[in-house]
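What follows is the residue order along each chain.
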Amino acid sequence: MRRRRDWHNAGMPPERLPRVLSGAQPTADSYHLGNYFGAFRQWAALQDDFEAFYFIPDLHAITVEYDPVVLRERTYIAAAQMIAAGVDPARSALFVQSHVPEHTQLAWVLGGVTGFGEASRMTQFKDKSQKSGADSSSVGLFTYPILMAADILIYQADRVPVGEDQRQHVELTRNLAQRFNHRFGETFTVPEAHIVKATAKIYDLQDPTAKMSGSAATHAGVVDLTDTRNQAMKKVRSAVTDSGAEVHFDPVVKPGISNLLSIYSALTDRTVESIEKEYEGLQYGHFKVALGDLVADFVGTFGDRTRELLDDRGELDRILADGAEKARAVASVTLELVYERSGFVRHV
Ligand code: TYM
């Protein structure tokens, strides 16, 4: 057992470790480098000091058009990639959202304290529904953030490690928790988003003004964690860069090279300044070749590990069942309290 956080400064030891929770949708055949740096890396790091809950939001994935056979396969890939990214099933509860019915049960209750206008202001819904048109957007896509709030609140999570694009959803979650607590008495922990600024938004390599996204029309600028070494290297080498030739971090004037610098820095744990210095006087090309090799190595090793894990579905099933059991033990306690506070007659 690794040493847990030292509590003596805080006076009394808490009854439990603080909790961390996060999820990543299985809506593509693979997660990408943005998911890894924006979220998974933090997930792995936080396992030491927090009681950790990480999950695959398959219920969220059905809010857009999908194929059931593909979803099932993507759910396994998601689990394998989360483990390959460092989620340790021995230290974290790793589970599938639909295995824990308390998420949807709480979502219904939270729907009652969510304003229609408030839900309408969610920018991710606006973006996604604009893309597909109001008539083909589902009601599920609209209520999606309420389910996300339930995902977080059902575990009384203290921290939610996510990328920048999820900040507004965590803010909504905080508002719903506070509102419920105010109306019905202290029930929920009010969670905080955990967003690491340097990697909060990784951009598409072909369009450095758009975030790297699994749903991008072309994956030429998206480094998928299932890419081969060669594919990854080529994507980085052909990344769009800016006018000028200097390897210098300036997200406004040089969004392309700045994005690549962020990735370089995150992969090597070196500061952007030290990398700028190393490439002083050199062309973009040198820098992109070096970064291409680094990314290729990373993705290659990641892919090998993922394939190993996917080869043993029985083991993945066992890990997910164990995770769901740990999750339900916590979720059922919160739901009971919420139903009590809500004024429901409890069955005897
Ligand atoms: P999702 O599945 O879109 O993304 C998973 C995580 O990856 C982060 N991310 C990025 N970070 C940096 N740069 C990028 N280009 C990038 N793209 C994605 C996301 O911010 C996220 O942290 N609604 C969530 C899933 C979810 C969830 C939850 C998260 C459902 N319930 C409860 C936290 C807590 C989503 O769609 O993330």
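Refer to the structure presented above.
Quick summary incoming for the structure in this document. (Residues numbered from 1 in each chain as written. Predicted model: local features only at pLDDT ≥ 70, side-chain atom pairs only at ≥ 80, totals over all residues. Heavy atoms only, no water.)

The bulk of non-glycine residues show a negative phi, and the bulk of peptide bonds are trans. The phi angle at Gln156 is positive, at roughly 55°, despite the residue not being glycine. Following the sequence through the fold, Gln156 ends up in the loop between α7 (139–153) and β4 (159–161). One non-glycine residue, Asp269, adopts positive backbone phi at about 60°. Here Asp269 is to be found in the loop between α10 (255–268) and α11 (272–278). With relative accessibility at 65%, the residue Asp269 sits in the exposed group. (Helix = DSSP H or I, 4+ residues; strand = E, 2+ residues; numbered from the N terminus. Buried < 20%, exposed > 50% of the residue type's maximum accessible area, 1.4 Å probe, protein only.)

Below, the discussion takes up the environment of Glu51. With respect to the helices and strands, the residue Glu51 is situated in strand β2 (residues 51–56). Residues Glu51 and Arg16, spaced 35 residues apart in sequence, show a C-alpha to C-alpha distance of 8.2 Å.

Taken as a whole, this structure holds 20 salt bridges when the rule is applied. Here Asp48 makes a salt bridge to Arg91, at a shortest N to O gap of 2.5 Å. One end of the pair, Asp48, is in the loop between α1 (33–46) and β2; the other, Arg91, is in the loop between α3 (68–84) and β3 (92–96), with 43 residues separating them in the sequence. Among the residues examined, Arg91 registers a relative accessible area of 26% and is labelled partly exposed. (Salt bridge = Lys/Arg side-chain N within 4 Å of Asp/Glu carboxyl O.)

Attention now moves to the packing of aromatic side chains. Two descriptors summarise a pair of aromatic rings, namely the distance from one centre to the other and the angle between the planes of the rings. As enumerated under the stated definition, the model contains 19 aromatic pairs in all. Seen in terms of ring centroids, Phe125 and Phe142 are 5.1 Å apart; in terms of plane orientation they differ by 70°. Their pairing is edge-to-face. Of the two residues, Phe125 is situated in helix α6 (residues 123–132) and Phe142 in helix α7; the sequence distance between them amounts to 17 residues. Between the aromatic rings of Tyr339 and Phe344, the centroid separation amounts to 5.0 Å while the plane-to-plane angle is 70°, which identifies the pairing as edge-to-face. Under the relative-accessibility criterion, Tyr339 is labelled buried at 16%. (Phe/Tyr/Trp six-rings, centres within 6.5 Å; stacked < 30°, edge-to-face > 60°.)

In this section: the site of the ligand. Gln25, Tyr144, Asp151, Asp165 and Ile202 are the nearest of the 28 residues found near the ligand. The contact in question runs from a nitrogen atom of the ligand to an N or O atom on the side chain of Asp151, over 2.6 Å. The backbone of Ile202 places a nitrogen or oxygen atom 2.8 Å from a nitrogen atom of the ligand. Where the shell around the ligand is concerned, the elements lending two or more residues are β1 (19–23), α1 and α7. (Near = heavy atom within 4 Å. Polar contact = N/O pair within 3.5 Å; in protein donor to acceptor, adjacent residues only side chain to side chain.)

Spatial relationships are all this shows, so hold off on functional conclusions.
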